[in-house]
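# Survey of secondary and tertiary structure
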Amino acid sequence: MIRERIVTEGNPTAEIRAGEALDWPALDHHLKAHIEGLEGVPVISQYPSGNSNLTYRLRYGDLDLVLRRPPFGTKAKSAHSMIREYRVMTALRPVFAQVPETLYYTDDESVIGAEFYVMKRVEGHVIKSEIPQSWGFDPDRTRLLCTHFWQKLMDLHRVDIAAAGLSDFGKPEGYAARQIHGWNGRYKNAQTPDVDTFEDVQQWLEDALAKHNRSDANNRRSVLHGDFRIDNVILDRDDPTRVLALLDWEICALGDPLMDLGTALAYWTQADDPDYLKGLVMQPSDAPGMMIRAEILDMYQQQTGIDTGNFTFYTVYGYFRNAVILQQIYYRYYQGQTQDQRFKNFGIATQNLGDHCRSLIAAS
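Quick caveat, the model's predicted, so the values are computed rather than measured.

About the cut-offs
Residues numbered from 1 in each chain as written. Predicted model: local features only at pLDDT ≥ 70, side-chain atom pairs only at ≥ 80, totals over all residues. Heavy atoms only, no water. Pairing = 2+ DSSP bridges. Helix = DSSP H or I, 4+ residues; strand = E, 2+ residues; numbered from the N terminus. Axes fitted to C-alpha atoms, helices over the stretch in contact; angles between N-to-C directions. Contact = heavy atoms within 4.5 Å. Polar contact = N/O pair within 3.5 Å; in protein donor to acceptor, adjacent residues only side chain to side chain. Expected span 1.5 Å × (residues − 1). Buried < 20%, exposed > 50% of the residue type's maximum accessible area, 1.4 Å probe, protein only. Arc of directions from axis to C-beta. Salt bridge = Lys/Arg side-chain N within 4 Å of Asp/Glu carboxyl O. Core = buried A, V, L, I, M, F, W, Y, C linked by side-chain atoms within 4.5 Å. Phe/Tyr/Trp six-rings, centres within 6.5 Å; stacked < 30°, edge-to-face > 60°.

One open sheet accounts for five strands, arranged β1-β2-β3-β5-β4; its pairing is antiparallel. Either end of the sheet is taken by a strand with one partner, and the two such strands are β1 (43–46) and β4 (102–106). Averaged over all pairs of adjacent strands, the angle between their axes in this sheet comes to 20°, without regard to strand direction. Sitting on the sheet, helix α1 (residues 24–34) touches β1, β2 (54–60), β3 (63–69), β4 and β5 (116–120), and the angle it makes with β2 is about 65°. Along the sheet, helix α2 (residues 82–92) contacts β3, β4 and β5; its crossing angle with β4, the most-contacted strand, is approximately 150°.

Following this line, the structure appears as structure tokens:
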């Protein structure tokens, strides 16, 4: 499965997708009653990226706002919790500058049919799978972007949870266990006869989890982003090596920071990777000048003091998690719940990632 290479500059919006318009007059009236300085008729558009929560741009003259709400039709608030995003972003802002400034939240569903929150828009670039050629980046500039990007994850993991007022945010105890058992369960629920069950990989993860739970790692506590990728950050327009904001806090949590790092590195491809990993590219991680995974692990250990020498458990977790996500999508295609031909070969991609986990386990 080869994904299309996408080159973008800025952070463009588009017209509202069919079926995703809101009650604009009611929203406008409500926001003007709760946010100072809003005047006139807003110019409204939608961010086209993202497969879950919906994101809209509302421009009131010089005030540029972003609204986030759950997807239409969802009933499980815990999976699309706006108050969760709003709370963690609001708490982090004073101690972690790379968070957009939040302005307002409401659970009054009578306004637009769902809870929502509003934040200030951060002006800058969001890049996808390619660095725009117009930037003229050489390997040194690309390396600087890479260093700044990973530094933000390390800064986040070193945030003082108590100082940020997030001591009671989520349940850090048992986070790793919930992840392993949760993803294993999701895979079992999405199995198809043309893709292996990977019971051996699942069992290895559960056995490795038992060792993790008996180690000091089980007591590590950090704020975890959960979806740390270059396409989830906003870069400075004047110096696009600088990270201005980290977006999409939908699945943030408290737990072992190496679980977050393992997830992030499972998205990270490099030049010597097999084609089946390169085909899943979601960010320009293989551009000349980018660090390879071993260098990132070394940087992380130097910056945080956390030993990354025995990382196989986290690596396998990250890749198998990606395999489950692909298999869940492929299951819908296999069952005829979607005709989207982009998903036709996702079963092959799942098989490749599962086999990759097997090779990592065999080499450990």
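This next bit is on the side chain of arginine 229. Residue position: arginine 229 is located in the loop between β6 (222–224) and β7 (233–235). Within the structure, the side chain of arginine 229 is placed 2.7 Å from the side chain of aspartate 227, a separation counted as a polar contact. Only 2.8 Å separates the side chain of arginine 229 from the side chain of aspartate 231, close enough to count as a polar contact. Apart from the residues within four sequence positions on either side, arginine 229 is in contact with Phe149, Tyr267, Met282 and Gln283.

The next thing to look at is helix α5 (residues 199–213). With 15 residues, α5 extends 21 Å between its outermost C-alpha atoms, agreeing within 8% with the 21 Å of an ideal straight helix rising 1.5 Å per residue. Looking only at α5, the buried set comprises Val201, Gln202, Leu205, Ala208, Leu209 and His212. Seen along its axis, α5 keeps its buried residues to an arc of 130°; they face one direction. Across from the buried face of α5, at angles greater than 90 degrees, the exposed residues are Glu199 and Lys211. On its buried face, α5 sits against α4 (175–189), α9 (312–334) and α10 (346–363).

We now examine the pattern of salt bridges. In the structure shown here, the tally under the stated rule is 24 salt bridges. Between glutamate 295 and arginine 143 there is a salt bridge whose closest N-O contact spans 3.4 Å. Taken as a pair, glutamate 295 in helix α8 (residues 293–304) and arginine 143 in helix α3 (residues 139–157) lie far apart in primary sequence, 152 residues in all. Residue glutamate 295 is classed as partly exposed on the basis of its relative accessible area, which comes to 30%. Residue aspartate 236 is joined to arginine 242 by a salt bridge in which the shortest nitrogen-to-oxygen separation is 2.3 Å. For aspartate 236, a relative accessible area of 13% corresponds to the buried category. On the basis of relative accessibility, which here comes to 38%, the residue arginine 242 falls in the partly exposed class. Each member of the salt-bridge network shares a partner with another, and the members are Arg57, Asp64, Arg121, Glu123 and Arg237.

Turning to α9, a few remarks are in order. With 23 residues, α9 extends 32 Å from end C-alpha to end C-alpha; this agrees with the ideal 33 Å at 1.5 Å per step. Glycine 336 sits one or two positions beyond α9 and adopts a positive phi of about 80°.

For cysteine 357, the position within the fold is in helix α10. Residue class for cysteine 357 comes out buried when judged on its relative accessible area of 0%. Considering only alpha carbons, one finds cysteine 357 and methionine 299, 58 residues apart in sequence, at a separation of 24 Å. With sequence-adjacent residues up to four places away left out, cysteine 357 is seen in contact with Val201, Val316, Tyr319 and Phe320.

Here we come to the nonpolar core. In this structure, Leu92, Trp150, Leu166, Trp249, Leu261, Trp268 and Phe320 are the most contacted members of the largest nonpolar core, which totals 89 residues. If sequence neighbours within four positions are ignored, tryptophan 150 has contacts with Phe228, Leu261, Ala264, Leu265, Trp268, Met291, Ile296 and Met299. Formed by 16 residues, the second largest nonpolar core is a distinct cluster that contains Leu22, Tyr56, Leu58 and Val111.

What follows concerns the packing of aromatic side chains. Going through the model one piece at a time under the given rule, you end up with 18 aromatic pairs. With a centroid separation of 4.2 Å and 20° between ring planes, the pair formed by phenylalanine 149 and phenylalanine 228 is classed as stacked. Highlighted residues: phenylalanine 149 in helix α3 and phenylalanine 228 in the loop between β6 and β7, separated in sequence by 79 residues. Judged by its relative accessible area of 2%, phenylalanine 149 is buried. Where tyrosine 330 meets tyrosine 333, the ring centres are 6.4 Å apart and the plane angle is 25°; that geometry is what we call stacked. Placement of the pair is tyrosine 330 and tyrosine 333 together in helix α9, with a separation of three residues, close to one helical turn. No difference in accessibility class separates tyrosine 330 from tyrosine 333, as the two residues are buried. Every member of this aromatic cluster is reached through a ring pair, and the members are Phe149, Trp150, Phe228 and Trp268.

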